[in-house]
Amino acid sequence: MNCFAQVLYSFTAEPGNNELSVQEGETLTLLNQSVGGGWIEAQNSRGQTGLVPEDYIQVRGQCCLFWLYPQTQLDCVVADPKKGTKMYGLKSYIEYQITPNSTNRPVNHRYKHFDWLYERLMEKFGCAFPIPCLPDKQVTGRFEDEFIKMRMERLQGWMSRLCRHPVVANSEVFQLFLTYTDEKDWKIGKRKAEKDETVGVMVFTTMDPEIRELDPTEVEQKCETFSRFTRSMDDRVKDLLSVGHLHWKRCTGPLQKEYQRIGKAFQNLSSVFNTSGYQGEATLTEALTATGKTYEEIAEICAGQPKKDLHFLMETNSEYKGLLGCFPDIIGVHKAAIEKVKEADRLVAMNKIGPQDKHTMAKNLSTMSYALQAEMNHFHSNRIYDYNRVMQLYLQEQVQFYETVSSLYL
């Protein structure tokens with residue numbers, strides 16, 4: 001169990017001072033509160049450790065369960081997509097280069113390899129952790145530059161999120177994907193992963209929180225609280241995605257055309273004024289023409305703006321839509337375990353199970369609950385970090401957009 005704190009104010013670390021940059025609202029695990037000098041040693045949800053000013057955080061009065069994060073956060077870079085062929089050129093595919101920071105040695109994977117990894121992770125961890133969905137498959141246009149760029153960006157986001165989960169990132173199958181040495185090593189590792197029997201609910205047998213067992217009623221309350229939150233967040237995320245898609249269409253369709261029509265109308269009026277033959281209206285006609293051209297520029301700026309800001313907000317929300325969609329099944333597994341423990345007394349009375357079996361069921365439920373609590377804290381910490389980051393980018397780009405539009409009138 002770890003004590004933790006909420007970040008009250010964002011703090012930017014000075015290079016070389018063993019400090020930790022943090023963002024407002026982020027949750028930190030406290031490692032050492034007796035450093036002195038107004039500093040506390042802490043770790044964020046991405047495994048980064050360092051010193052933060054104690055005045056910038058609020059230490060919570062209770063302790064909380066977190067996954068054990070590594071000292072060095074695993075990460076990787078997905079880059080350098082290349083077209084390959086097989087079957088004497090009859091079949092083509094795109095291969096991506098993935099370079100983990102743990103080895104700095106690149107490995108190559110096709111989309112189908114990512115799909116294989118997703119299936120293995122879902123089979124192994126799907127009832128314990130939300131495994132984000134892969135970017136959608138596409139039959140046509142797979143080799144167009146724009147599609148390849150978009151898919152690579154989404155695969156990068158997918159891999160980065162998995163790297164941030166300490167249990168998934170440290171799993172044998174994930175490490176195989178990032179660090180295999182040659183084709184033989186890859187095939188042997190694949191066969192081993194496909195025969196793995198520690199999957200599904202069996203993954204909980206590899207965990208031992210070594211703390212008190214929980215009452216089933218307490219477990220049920222925690223499940224219900226988190227279930228309500230994820231359902232509500234899922235609804236709001238879908239709302240934002242719907243509104244965002246409509247706004248994007250409007251910026252690149254009706255709104256752009258509307259500004260273009262306004263611009264054309266001003267220029268047409270200027271052209272008519274120019275035919276009057278009346279002296280002294282050159283300044284007016286030039287102003288009308290300039291106004292028309294300004295509106296045409298605004299039309300182009302509006303059409304291009306969603307790619308600069310709304311795109312990243314939509315991508316983050318799409319990721320969270322996928323994550324949130326996993327939780328009903330995860331919570332369902334926990335609720336089923338709760339019902340079994342509740343039924344244990346009756347089964348003991350009927351001599352269908354022994355007292356030791358009942359104790360084992362209760363212990364397993366506690367382990368599952370502690371895992372869920374750790375996952376809840378991991379989710380919340382990452383949620384705060386991700387939305388802080390993407391909203392800062394979105395608002396900065398919005399400010400830049402309005403400043404650019406305003407400058408056109410000066």
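Residues numbered from 1 in each chain as written. Predicted model: local features only at pLDDT ≥ 70, side-chain atom pairs only at ≥ 80, totals over all residues. Heavy atoms only, no water.

Under an unreviewed UniProt entry, the chain has the name Sorting nexin and belongs to Pygocentrus nattereri. As stated in UniProt under Sequence similarities (unreviewed entry), the record for the chain gives "Belongs to the sorting nexin family." According to its UniProt record, the chain has this under Subcellular location (unreviewed entry): "Cytoplasmic vesicle membrane". (UniProt positions renumbered as here; feature names shortened; annotations may be inferred.)

A.B. asks: I'd like a description of the sheet that holds strand β8 (residues 107-110), backed by residues and values.
C.D. replies: An order of β6-β7-β8 is seen for the three strands of this open sheet, with the pairing classed as antiparallel. Every interior strand has two partners, whereas the edge strands, β6 (76-86) and β8, have only one. Neighbouring strand axes in the sheet, compared pairwise and without regard to direction, differ in orientation by 30° on average. Pairing geometry for β6 and strand β7 (residues 91-100), over nine bridges, is antiparallel. Across the sheet, the residue bridging to V77 is T99, located in β7. (Pairing = 2+ DSSP bridges. Helix = DSSP H or I, 4+ residues; strand = E, 2+ residues; numbered from the N terminus. Axes fitted to C-alpha atoms, helices over the stretch in contact; angles between N-to-C directions.)

A.B. asks: Give a detailed account of empty space enclosed by the protein, specifying residues and quantitative values.
C.D. replies: The full count for this structure, using the stated rule, is one cavity of 30 Å³ or more. Lining the largest cavity are 14 residues; nearest its centre among them are P130, R161, H165, L323 and H378. Those elements that provide at least two residues to the lining of the largest cavity are α2 (145-163), α9 (310-324) and α11 (355-407). With four residues, α11 is the largest single contributor of residues to the lining of the largest cavity. A breakdown of the residues in the lining of the largest cavity according to their chemical character gives nine nonpolar, three polar and two charged. (1 Å grid on protein atoms, 1.4 Å probe; cavity = no way out; pocket = protein on both sides within 12 Å on 5 of 7 lines; lining within 4 Å. Points joined across faces, edges and corners; volume = space filled by probe spheres on them. Nonpolar A, V, L, I, M, F, W, Y, C, P; charged D, E, K, R; others polar.)

A.B. asks: Talk me through the packing of helix α10 (residues 327-349) against α11; I want residue IDs and the actual numbers.
C.D. replies: Taken N-terminus to C-terminus, the directions of α10 and α11 make an angle of 160°; their axes are 10 Å apart at the nearest point. It follows that α10 is roughly antiparallel to α11 by the angle criterion. Between α10 and α11 the crossing geometry is left-handed. Contacts between α10 and α11 involve F327, I330, V333, H334, A337, I338, K340, V341, A344, D345 and V348 on the former and, on the latter, P355, K358, M361, A362, L365, M368, S369, L372 and F379. (Parallel < 35°, antiparallel > 145°, perpendicular 65-115°, else oblique. Left-handed = near helix turned anticlockwise from the far one by under 90°. Contact = heavy atoms within 4.5 Å.)

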